[in-house]
Amino acid sequence: MKKFAALLLALALLVPAMAQAKDKVLMMATTTSTDNTGLLDELMPEFTKDTGIDIRWTAIGTGKALAMGRNCDVDVLLVHAPGAEKKFVKDGHGIGRTQLMYNDFVIVGPDTDPAHVKGLPVEKALKAIAKAKAPFASRGDNSGTNKKEISLWKAAGMAVPDKADWYMQLGQGMLKTLNAAAQKGAYTMTDRGTWIKYMDVNKGKTPLNIVVEGDKVLFNQYSAIAINPAVCPKAKVELANEFIGWMASPKAQNAIGDFRLLGKQLFTPNAGK
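In this text the structure is predicted, and so the values were computed from the model without any measurement. Here the residue index of a chain counts from 1 through its sequence in written order. Where totals are concerned, whole chains, interfaces and linings use all residues; where local detail is concerned, this predicted model gives features only for residues with pLDDT of at least 70, and gives and counts side-chain atom pairs only at 80 or more. Values shown for side chains rest on all heavy atoms present in the structure; no hydrogens or waters enter the calculation.

As for the overall build of the protein
Then, in step 1: For the purposes of this entry, the term helix denotes a DSSP run of H or I that reaches at least four residues, the term strand denotes a run of E that reaches at least two, and both are numbered from the N terminus. A count of helical and extended segments in the protein gives eleven helices and twelve strands.
Then, in step 2: Oriented by its inertia axes, the alpha-carbon framework of the protein measures out at about 85 × 40 × 35 Å.
Then, in step 3: Taken across its 273 residues, the protein has 48% of its residues classed as buried.
Then, in step 4: Surface accessibility of the protein: about 13200 Å² in total, with carbon and sulfur atoms responsible for 56%.
Then, in step 5: In this tally, Lys and Arg are treated as positive and Asp and Glu as negative; His is ignored, and so are the chain termini. We put the charge of a Lys on NZ, of an Arg on CZ, of an Asp on CG and of a Glu on CD. Across the protein, the centroid of the 35 positively charged side chains sits 2 Å from that of the 26 negatively charged ones. Think of it in three bands: with a 1.4 Å probe and only protein chains considered, a residue is buried below 20% of the maximum accessible area for its type, exposed above 50%, and partly exposed in between. Each accessible area is a Shrake-Rupley result for a 1.4 Å probe, and residues are judged covered by the shown protein chains and nothing else.

In structure tokens, the structure reads:
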């Protein structure tokens, strides 16, 4: 009888503990680059260890991540399309927007550089690619990278060449787009972090090289947004803010800056700047 009573007591104590553990699950939608590079695999075990929060993420293009936020499918976003993010917050779907880190975009292309764009500014490079009708592989997935690429065509005074035979819209993530560009001898645009990961995976053996870089318009900011519980009542805003605070902490910022592949830094921390 005593054993049975002890078992009942243990179960009574276990149920609230299980419920609390379930409540400490944070759902995140993030861009593919934070996942593909291995950054989240590096950081998130430390986040869980420090906070007791079990974080689970879906890595997709920023456009789809924002849609998941609007649909109340997640609690927090980690994305990189500033214009779309600001509209998301302005429309009431998110609370705040915290800058966490950045890298930059680069245009890569085949060794032969058929459009002769190496070293050119972005605007001249895109005009040269269009004039030469050189193959260009676009993610075509409404991701942050895709949104940026589209804005660059327009900034160069051109319509997005989505009807042109030489312009391929793949609807794929960045690593798959880089693989397709390598196979087809095409140019493409990628964030530098994923480019370094691609080089690491291929041990530096690829027919692609960076041809355009360093232009100030290629700056690539990553930020976090908590989903607004006034719009999504089940959104765990306290856990989301705990995640954002942890990512902006000196510990996480140092870890972001120290994260390297092939001896190269993939992201630069800039929380609070």
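Still to come is the rest of the account.
Description of empty space enclosed by the protein
Then, in step 1: Cavities and pockets are defined on a 1 Å grid built over the protein atoms alone: a cavity is a set of grid points where a 1.4 Å probe fits but cannot escape, while a pocket is an open set with protein on both sides within 12 Å along at least five of seven lines, and lining residues are those with an atom within 4 Å of any such point. Grid points are joined across faces, edges and corners, and a volume is the space filled by probe spheres set on the points. All told, the structure shown has one cavity of 30 Å³ or more when counted by the stated rule.
Then, in step 2: There is about 40 Å³ of room inside the largest cavity.
Then, in step 3: Together, F136, A137, S138, R139, T145, N146, E149, T188 and M189 line the largest cavity.
Then, in step 4: For the lining of the largest cavity, the secondary structure elements donating two or more residues are β5 (136–138), α7 (144–155) and β7 (188–191).
Then, in step 5: Three classes are used: nonpolar for Ala, Val, Leu, Ile, Met, Phe, Trp, Tyr, Cys and Pro, charged for Asp, Glu, Lys and Arg, and polar for all others, with Gly counted as polar. Tallied by class, residues from the lining of the largest cavity come to three nonpolar, four polar and two charged.

Quick notes on the state of the cysteines
Then, in step 1: Here, the term disulfide refers to a pair of cysteine sulfur atoms separated by no more than 2.5 Å. Considering all chains together, one arrives at one disulfide under this definition.
Then, in step 2: The disulfide that involves C72 links it to C232, with 2.0 Å between the sulfurs. Residues C72 and C232 are joined by a disulfide whose S-S torsion is about -75°; by sign, that bridge is left-handed. With C72 in the loop between α4 (62–70) and β3 (76–79) and C232 in the loop between β9 (219–227) and α10 (237–247), the pair connects residues that are 160 residues apart, well separated along the chain.

So, the nonpolar core
Then, in step 1: Among the nonpolar cores identified, the biggest contains 31 residues, and L26, M44, F243 and M247 are the most heavily contacted of them.
Then, in step 2: Of all elements in the fold, only β1 (25–30), α3 (39–51), β3, β4 (94–110), β9, α10 and α11 (250–258) reach the threshold of two or more residues within this core.
Then, in step 3: No other element matches the seven residues that α10 contributes to this core.
Then, in step 4: By definition in these notes, contact holds between two residues if any of their heavy atoms fall within 4.5 Å. Those residues in contact with M247, other than ones at most four positions away along the chain, are L43, M44, L78, L100, A252, Q253 and I256.
Then, in step 5: What we call a nonpolar core is a set of buried Ala, Val, Leu, Ile, Met, Phe, Trp, Tyr and Cys residues that are connected through their side-chain atoms within 4.5 Å. Listed in part, the 21 residues of the second largest apolar core include I107, A125, W153 and V212.

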